[in-house]
Amino acid sequence: MGKVLQIGAGGVGTVVAHKMAALPEVFSEITLASRTKSKCDAVAKKIGGDRIKTAQVDADNVDELVALINKVKPDLVVNVALPYQDLTIMEACLATHTSYLDTANYEPKDVAHFEYSWQWAYKKRFEDAGITAILGCGFDPGVTSVFTAYAAKHHFDEIQYLDIVDCNAGNHHKAFATNFNPEINIREITQKGRYYQDGKWVETGALEIHKGLNYPEIGERESYLMFHEELESLVKNFPTIKRARFWMTFGQEYLTHLRVIQDIGMARIDEVDFNGVKIVPLQFLKAVLPNPGELGENYEGYTSIGCRIRGLKDGKERTYYIYNNCSHEAAYKETGTQAVSYTTGVPCALGAEMFMKGIWKKPGVWNVEDFDPDPFLARLGEQGLPWHEKFDVDLEL
Ligand code: NDP
């Protein structure tokens, strides 16, 4: 049992708060803090029962964070703000000897580039302080990393080929919307693609490589190769991997809008002058796009995310597919958010539970596949994300 300080009250944060609030035997006290306190108050009110205290904090400011952590005295800080805040929150955790968990790796505001090196550089300082940092505990990264660790532990002597497949077959009935923070989402998708092959990273054009893949209970969807952060830690932690790739589905409408957004300069992340005011076009675009946290009401259909793995077991080749399908409608009914927020928030709260129970707790900075996958997967279905396995099937990849 312990106290938690959650930072960030967006779509993902709403789910995390719901899930943690439902477990008073694990989370004795929950403080929800964000830049805009009224959003925290709204989440707390919806959950009800005085389970959640709220606070205002600018998570770009280490001193403000330290003051809040010293006041709340949490055992764990759960960061579901934006990737820009990862390092300031980790600094504040170090200053106050408090453990840390997040769902997305650090990204500098002025370059759309994400990699773990900045956060891995904190390993020794976290070790020396005797505190734990758990990185990337959403769905992807997060559950996909745990799925890979589970496959390595139980089903393979050697994982050789890993393909992470992320399908959103839902329909929100909007012309264009992103499923999580639009700024972070568009920065991610418009980057060059990258995959790992024979010890090297191979770069591709943005969404250049694509093919139809079949998803369980959904059917065929065009899937695009892109870089995703868990590839970086998984090829390091499972060195038998010869090739690792990440695929995500996009509809034609989405891609057409994205192309137009880029062509007209609205995906730019540098400042432009507008009537004497400096604005970043992509941040302005975020302000006029639908709020991902409020897409849930008319969202129909499923997400399907999993790992397709080929490798060796007892000297023989084996294929294995482990995945979860999540219903947008069911996610909305339970938490008022859509399935992308839900599939990120549930594992985040579960990782926090693993920490509170002392199961995922060791000084240093860790990716989720560094921990035992079994207790996490034993709880994942109960927490709303049941998972399934298929053996020796055609992986299509
Ligand atoms: P939202 O934009 O909906 O919410 C972000 C929250 O962080 C808001 O409450 C926002 O406050 C707050 N915030 C932003 N900047 C600051 C700051 N400087 N100080 C304090 N609070 C701040 O994002 P999502 O909920 O969609 O995403 C949250 C995180 O989850 C992101 O890091 C995203 O990358 C990650 N994610 C991870 C996935 C995974 O599977 N691993 C999948 C999807 C998302 P305000 O309302 O005032 O702007």
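Let me begin by describing the structure that accompanies this report. (Residues numbered from 1 in each chain as written. Predicted model: local features only at pLDDT ≥ 70, side-chain atom pairs only at ≥ 80, totals over all residues. Heavy atoms only, no water.)

**Regarding the nonpolar core**
Worth spelling out the cut-off: We define the nonpolar core as a collection of buried residues of types Ala, Val, Leu, Ile, Met, Phe, Trp, Tyr and Cys that are connected through side-chain atoms lying within 4.5 Å of one another. Exposure categories follow from relative accessible area, calculated using a 1.4 Å probe and restricted to protein chains: below 20% of the type maximum is buried, above 50% is exposed, and the middle band is partly exposed.
Ranked by internal contacts, the top residues of the largest apolar core, which has 84 residues, are F27, F250, W360 and F376. Of all hydrophobic cores here, the second largest spans 28 residues; its members include L5, C93, L135 and V365.

**Examining the pattern of salt bridges**
Short version of the rule: Salt bridges are counted wherever a side-chain nitrogen of Lys or Arg sits within 4 Å of a carboxyl oxygen of Asp or Glu. Think of it this way: any DSSP run of H or I at least four residues long counts as a helix, any run of E at least two long counts as a strand, and we number them from the N terminus.
The full count for this structure, using the stated rule, is 21 salt bridges. With a shortest N-O distance of 2.8 Å, R308 and E396 are connected by a salt bridge. Taken together, the residues R308 in strand β15 (residues 302–313) and E396 in the segment after β18 (388–391) connect sequence positions 88 residues apart. On the basis of relative accessibility, which here comes to 2%, the residue R308 falls in the buried class. Across the pair K357 and E353 runs a salt bridge whose closest N-O atoms are separated by 2.6 Å. Linked by salt bridges that have partners in common, E353, K357, R379 and E382 make up one network.

**Observations regarding the site of the ligand**
For the record, the criterion: Working definition: residue near molecule or strand if any one of its non-hydrogen atoms lies within 4 Å of it. Whenever two N or O atoms come within 3.5 Å, that pair is a polar contact, provided that in protein one can donate a hydrogen and the other can accept it, and provided that, for residues adjacent in sequence, both atoms are side-chain atoms. Per-residue and other accessible areas follow the Shrake-Rupley method at a 1.4 Å probe size, with only the shown protein chains counted as cover for residues. Throughout, the ten residues Ala, Val, Leu, Ile, Met, Phe, Trp, Tyr, Cys and Pro are labelled nonpolar, Asp, Glu, Lys and Arg are labelled charged, and all others, Gly among them, are labelled polar.
Around the ligand there are 28 residues in total, and R35, T36, K39, A59 and N181 lie nearest to it. V12 places a polar main-chain atom, nitrogen or oxygen, 2.9 Å from an oxygen atom of the ligand. Here an oxygen atom of the ligand and a side-chain polar atom of T36 are 2.4 Å apart. Protein contact buries 93% of the 940 Å² of open area that the ligand shows by itself. In terms of residue class, the shell around the ligand is made up of 13 nonpolar, 10 polar and 5 charged.

**Considerations on the side chain of S34**
Just so we agree on the cut-off: By the convention used here, residues are in contact when the closest approach between their heavy atoms is within 4.5 Å.
Of note, S34 is situated in strand β2 (residues 27–34). Look past the residues within four positions of S34 in its chain and what remains in contact with it is G8, A9, C40, A55, Q56 and V57.

**A word on the environment of A330**
With respect to the element layout, A330 can be found in helix α12 (residues 328–335). Residues A330 and V346, spaced 16 residues apart in sequence, show a C-alpha to C-alpha distance of 13 Å.

**Quick word on unusual backbone geometry**
Along the chain, D140 connects to P141 via a cis peptide bond; the corresponding omega equals 5°. Along the polypeptide, P141 turns up in the loop between β6 (132–135) and α7 (143–154). Backbone geometry places H97, a non-glycine residue, at a positive phi of 55°. Mapped onto the elements, H97 comes out in the loop between α4 (86–96) and β5 (99–102). Backbone geometry at E217 places phi at a positive 60°, although glycine is not the residue there. Residue placement: E217 occurs in the loop between β10 (210–215) and β11 (219–225).

**A closer look at the packing of helix α13 (residues 339–356) against helix α14 (residues 373–380)**
Note the following rule: To obtain each axis, a line is fitted to C-alpha atoms, and for helices this fit is confined to the stretch in contact; angles are then taken between N-to-C directions over 0 to 180 degrees. Oblique is the label for any angle not under 35 degrees, not over 145, and not in the 65 to 115 range, which are roughly parallel, roughly antiparallel and roughly perpendicular in turn. Handedness of each helix crossing follows the sense of rotation of the near helix against the far helix: counterclockwise by less than a right angle gives left-handed, clockwise gives right-handed.
Direction vectors running N to C along α13 and α14 enclose 130°, while the axes themselves pass 10 Å from each other. The angle between the axes of α13 and α14 places the two elements in the oblique class. Two packed elements cross with a definite hand, and for α13 against α14 that hand is right-handed. Between α13 and α14, the residues in contact are V346, P347, L350, G351, E353 and M354 and P375, F376, R379 and L380, respectively.

**Some words on the side chain of T319**
Position of T319 among the secondary structure elements: in strand β16 (residues 316–327). Engagement of the side chain of T319 in a polar contact is seen with the backbone oxygen of V393, the distance being 2.9 Å. Once residues within four sequence positions are removed from consideration, T319 is found in contact with I309, R310, K390, F391, D392, V393 and L395.

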